[in-house]
Amino acid sequence: MEGARRTRAELSDITDMSQDIVPLLYQSGYLTLKDYDKETEEYILGFPNQEVNKAFWSSLSKHILNLR
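Quick notes on the rules
- Residues numbered from 1 in each chain as written.
- Predicted model: local features only at pLDDT ≥ 70, side-chain atom pairs only at ≥ 80, totals over all residues.
- Heavy atoms only, no water.
- Core = buried A, V, L, I, M, F, W, Y, C linked by side-chain atoms within 4.5 Å.
- Buried < 20%, exposed > 50% of the residue type's maximum accessible area, 1.4 Å probe, protein only.
- Helix = DSSP H or I, 4+ residues; strand = E, 2+ residues; numbered from the N terminus.
- Contact = heavy atoms within 4.5 Å.
- Pairing = 2+ DSSP bridges.

> Any details on the nonpolar core? Residues and values, ideally.
In terms of nonpolar packing, the biggest core is built from nine residues, these being A4, L11, V22, L25, L31, Y43, L45, F47 and F56. At the level of elements, helix 2 (22-27) and strand 3 (42-46) are the ones that each hand at least two residues to this core. Excluding anything up to four places from it in sequence, F56 contacts M1, L25, Y30 and F47.

What follows is the structure in structure tokens.
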């Protein structure tokens, strides 16, 4: 997720999460804008801080492994 690149249009579209969950993570605040590439007109995203990064992966791993 760190370093994901998306255009403005891609970040606005959360209609097909089965293909791309990055826009939803951005809109929900798990990912934030880190930089902008003028040449490709893409935003570069990442976790806002280490705490969010750790919490996200911890929560996801528990869900995937069905742990409580």
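> An account of the pairing of strand 2 (residues 32-37) is needed here, citing residue identities and associated values.
Of the pairings in the sheet, the one linking strand 2 to strand 3 comprises five bridges and is antiparallel in character. Along strand 3, the bridge assignment pairs T32 with G46. Taking the residues that link successive antiparallel strands as the turn, the strand 2-strand 3 hairpin has four residues, and the phi of E41 there is positive, at about 55°.

> Requested: an account of the sheet that holds strand 1 (residues 5-6), with residues and values cited.
On the basis of which strands lie adjacent, the open sheet formed by three strands has the order 1-3-2 and antiparallel pairing. Each having just a single partner strand, strand 1 and strand 2 make up the two edges of the open sheet. Note: strand 1 against strand 3, two bridges, orientation antiparallel. Each bridged residue has a counterpart across the sheet, and for R6 the counterpart in strand 3 is Y43.

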